[in-house]
Structures are given as C-alpha cells and as structure tokens.
Amino acid sequence: MRELDRRTIEEVGIPAVALMENVGRAIAEEVIRWCRERRDVSSGSRQGAGSQSESPGDLVPAVQGDAALRLEEPEREHWLVLAGKGNNGGDGLVAARYLREAGMRVTIVYAVEPGSLTGEAALQREAARALGIPVLVHGEDDVDFTACTGIVDALLGTGSRGAPRGAYAELIAAANGSGRDIVSADIPSGLDADTGAVHDPCIRARRTVCLAFLKRGLAQFPGAEAAGEIVVRAIGIPALLCAQQNVSTFLLTEEVLRTRLGVDTARRRSPDGHKGTYGHVLVAAGSLPMSGAGLLCSRAALRAGSGLVTWALPGPLLPPMAGAAPEVMLASATAADWHEASAARVLELLAGRDVLAVGPGLGRFEGDGRWLRTLWEEAACPMVVDADALNMLAASDDLDAWKPRQADTVLTPHPGEMARLAGLSTAEVQRDRIRLASEYAKAHRVTLVLKGARTVIATPDGDAFVNATGSPGMATGGAGDVLTGIIAGLLAQGASGPQAAAFGVYLHGLAGEAAARRRAHPASLVAGDIIEAL
Ligand SMILES: NC(=O)C1=CN([C@@H]2O[C@H](COP(=O)(O)OP(=O)(O)OC[C@H]3O[C@@H](n4cnc5c(N)ncnc54)[C@H](O)[C@@H]3O)[C@@H](O)[C@H]2O)[C@H](O)CC1
Ligand SMILES: [K+]
C-alpha cells in the first residue's frame, strides 16, 4: 500500500507540519476517548472494555471537535508517549502536547537521543520542550511503566523496515510487558504496514489510530490482532489526492459502501413493487449426499431480497426437499445425479431468470469442468461461483481458452479454494490475502471474495475492501452457502458484482453478529441462524 509521499502532499499546499498537527490531535482525541470509555466500563455504565466492540480489527466511528479533547479529572491520567526518530515519533509529540493541554500528565520517552530527530519531528520536539513536558531518554533514564495509566506508541510507523532493533525493541517489549493499555499511532510498532507480518517484538495495541488510509497490514491477520480496535482518521488529505494516489484498500463500512461502491444500504422495497421487481435467482446446487447446501443458498437468496428463487437440483432430491423451504421453487435438473449434459438443462431453466448461483454442495462428477465451462460461457446473466464449482474452475487447465464473461461474475473461495485457483499453498494465500485476491480479480475480470477472518472483496478495477463485521461463531458448516445466496439475492435486485459482494459480505457478518448475540454461546451458531438474522 503506497503511502502518500510528503512531496505530493506539499504539492497541493499542505505543509507536512500542518498534517502532523492534524495527526497528533486525532491521536490525542482517540486517547481521551479511550480514557472515557475505560472509566465508563469500570463504573459499569458501558459494555466492552473501552470500545464499542471487543474483537480486534473492528472499526469504530471517530469522535471529533473540541469536546473530543475534554476529559473529566484529567489529572487522574498519566500517559507515556514513546517517540521514535521519524515522523511517527513527531505525531506522538504533537499528541503529547494536546494531552497536556487537556490537563493530563504526560511524559515523553525518546527511543533515541532527542537531538537526532530531524525535520518536522525536530520541530515538534522543540514545541514539546517549550511546554515543559517531562522527557526521559531510553538508555539514559529509568522508565517506570508501572507509574503510567496508558501508553502512546509513536515509535515506528510506515517507515519501519524489518524487526524493531535496539532501543525500539526494548521499549516495545517493556510496553507490552507493562500491562498498560497502548494506543498506537498509525500502526502498531513492529508491524509490517503492507503485509501485516508481525515482527518480534511487536506492540499489542488496544486501539490503533490509522491515519488517512487503512494500511493493508492492519486489515488482515495477524496484523489485525496486534492493532486491536482500528480507527481510521481523516487528517486533511483531500479526497482528490487519495484518488490520484490510487488508494485502493478500504475497511468496509457503511460509509465506504455508500461512497466508494454506491450501495444504497438503506434500500427499501418500493410500495408498488411486486415479486418480479426484485429479480429471480436460479441456484444450481446440492447433490444426493449434500442437499442442505443448496437449500441454505436458496433460502439466503430470498432473505437477501430476491423476489423469486428456483433451486435446480437432482430429481431424486426433489421429494425430500419439497417441504424444506416452501418459499423456494424446485426444478429437477437431472434424472439422477449431476452429469456433463445437465448443463443444457440448467441453461433451459435459466430462461426468464436473472442470476445464476452455482456450486454449493454440487460434488464433483465426470466432465464437470466442461459442465461449468458451458454455464460460464452460455449464461448471459450475472453469476456467483462457489464451492465445488470453484474447484472445477481450478481444475480446468484451459481456463484461458474459456470465453470471457460479459456479465458480472463473483467468485467466493475460502483460502483452500483460493490456493487451488492460484496454484499456491493455503499458507501462502493467508500470508498475502489482499494482494493475491486483487491480482486474481484484475487478471480474470471478476469480483473475488476471499473468505476467512477479515474477508477480502477484490474488484476487477483494483479496489480491495476488508470486512470487519462477523463473529467467530460463523466458522460453521453452511455459512459459505448462505453468503453465496445473499450475494445472488443482491445481484437479482440489480446490484453490480462489487456491490453485491461487498454489501453481501458486510450483511452476512452483521447477521452473524446478531445471531451470535441471540445464542447462549457464539459457538452454538449454525448457518440457518445467519439466514434468520438477516
Ligand atoms: N506519509 C503520509 O501519508 C503521512 C505520514 N505520517 C506519519 O509518518 C509516519 C512515517 O514516518 P517516517 O519518518 O517515514 O518513518 P517512521 O516514523 O515510521 O520511522 C522511521 C524511523 O525509524 C527507523 N527505523 C525504521 N525501521 C526500524 C526498525 N526496524 N528498528 C529500529 N528503527 C527503525 C528509521 O531509521 C527512521 O529513523 C507514518 O507512519 C505516520 O505516522 C503523518 O502522520 C502524515 C501523513
Ligand atoms: K506506531
């Protein structure tokens, strides 16, 4: 993820020192909010230890304006600001000033000899000195971490290379060992901003104030774990500049869905609409040993708002499935189980329908690659390709010869399926999720949903969205079938591939969170609960 270089920023007339002022203020505001939330928790007036959500990598809305810098009884707080030599350190020094202005006790702990700071960081050093903020220098002074109530980590930011060295490593280890809450500036020191690789040592933050843009490393594990709760704060860089700098990775929020993807998240059914208004999904899924996947997918497509859903399934499944979901229409696609020639029957059933969802519970069968290729090339409508259909895609050695699809196509692999699609190991996929998903989506002109903790939605145009909704309880059989149905249901209502994939993943996660709250224990979630909670 390219950082905006300082020259570009200054070219549009934003002096770096002004930017740093905005940054330091944003960090101070988030520290003060953290203090307020932590006090509320200890007084029992709010849930969650200092945040609206507990799970790491979650996004919470920022609070801004002068009120954001006010704290009752600020003198109860004593925060250490660990400052490195670069501009991340400079950010911390500005934050130290604002925290001091708010009446808190603040001590700056320099990782290096303060005289070695340069540029804007040196300016901030002088400003802090003029305010008389106490200073300790690591290696020269004893730093008592137990005497503080919190720590600002402004040691290393996007200029960090490799594992923290020397004083930086010692301060990171001491801060982590102190048991005090840590708020990190931009990224937790010791984290690789691009890949999310966590070096040893790496700060374990409770909150990370990410500046201007989501850094890719924060959006995927293990980085997301080190970052704690992520707050992305605007710092005065014009949106136009973002576009010019092809900022392409976004944490998925309602705002990003609306502004970047044009999703109408508040969409309501029109009063004069009828079931035909909201599209018709054809689901080609399920097999004799795996019928439930097709059922979950079909039900989810309806719950997502599709006007009608037809499930094309093997004939023998029709009687047992007939009553399972009265709202879903059933159509026999084969006399027995799936076979190569049944693709023609699926295409026949596709007449008058708007979207094809293919894959859940299909199983593998003789000629299945040619079966999928027929649907891929002949189905003129948007298509969602999941599960075994992805494995058929991965197994096809002539994919480049397949006629490119004109309609929107969404692939929804989990890491193992992505590994087969990309010819990599699952571990290799997990190490660089955003880049791999983006490269595949652009190369094949598809929208690719790489599932897993922090699902990535990569678009054909190069955007990548990282989802932070969801609950660990969603790691349950059938949850992927439900997501496929949701995406198909949104496509049926006219959403584009990127819109349906991003909004579908976002909704799927919200529904999983809602369903988990209704359960005695999140682990007792089943896929059907997610459909009910949509
Ligand atoms: N570019 C922007 O859009 C903005 C950036 N801001 C802040 O600036 C930092 C990046 O600052 P930079 O000076 O480039 O680097 P760092 O402060 O991260 O640190 C570099 C500093 O640390 C030394 N160093 C590097 N790696 C290691 C290591 N492994 N161990 C020890 N020391 C290391 C290196 O020698 C340098 O001295 C960005 O994160 C933001 O916080 C602004 O906020 C505005 C917008
Ligand atoms: K940092």
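Predicted model only: the values in this text are computed from it and were never measured.

Chemist: Mind showing me how you'd approach the UniProt feature "binding site: K(+)" (unreviewed entry) in the chain here?
Modeler: With numbering matched to this structure, UniProt assigns "binding site: K(+)" (unreviewed entry) to N88, D153 and S189. Across 102 residues, the annotated set stays spatially compact, with a maximum C-alpha separation of 9.6 Å. Within the secondary structure, N88 is located in helix α3 (residues 87-101). When the 25 C-beta atoms within 10 Å are taken as the criterion, N88 is described as buried. Look past the residues within four positions of N88 in its chain and what remains in contact with it is A154, L155, L156, G157, G159, A185 and D186. Structurally, S189 is set in the loop between β5 (182-185) and β6 (207-211). Look at S189 and you get buried, because 30 C-beta atoms sit within 10 Å. If sequence neighbours within four positions are ignored, S189 has contacts with D153, L155, L156, S160, P164, Y168, I172, S184 and I203.

Chemist: What is the right way to look at the environment of A515 in this model?
Modeler: Looking at the element boundaries, A515 is found in helix α18 (residues 497-518). Taking the C-alpha atoms as reference points, A515 and R180, separated by 335 residues in sequence, lie 33 Å from one another.

Chemist: How do you make sense of the sheet that holds strand β17 (residues 464-467) when you look at a structure like this?
Modeler: Where strands meet in a sheet, backbone hydrogen bonds hold them as pairs that are either parallel or antiparallel. Ordered by their spatial adjacency, 10 strands build an open sheet running β8-β17-β16-β15-β14-β13-β12-β9-β10-β11, and the pairing between neighbours is mixed. Two strands close off the open sheet at either side, each with one partner strand: β8 (249-252) and β11 (329-334). Looking at each pair of strands side by side, their axes are set apart by 20° on average, direction ignored. Pairing between strand β9 (residues 280-284) and strand β12 (residues 355-358): 4 bridges, direction parallel. Within β12, the residue paired with V281 across the bridge is V355.

Conventions adopted
- Residues numbered from 1 in each chain as written.
- Chains lettered and ligands numbered in written order.
- Predicted model: local features only at pLDDT ≥ 70, side-chain atom pairs only at ≥ 80, totals over all residues.
- UniProt positions renumbered as here; feature names shortened; annotations may be inferred.
- Helix = DSSP H or I, 4+ residues; strand = E, 2+ residues; numbered from the N terminus.
- Buried ≥ 20, exposed ≤ 12 C-beta atoms within 10 Å, placed from the backbone.
- Contact = placed C-beta atoms within 7 Å.
- Pairing = 2+ DSSP bridges.
- Axes fitted to C-alpha atoms, helices over the stretch in contact; angles between N-to-C directions.

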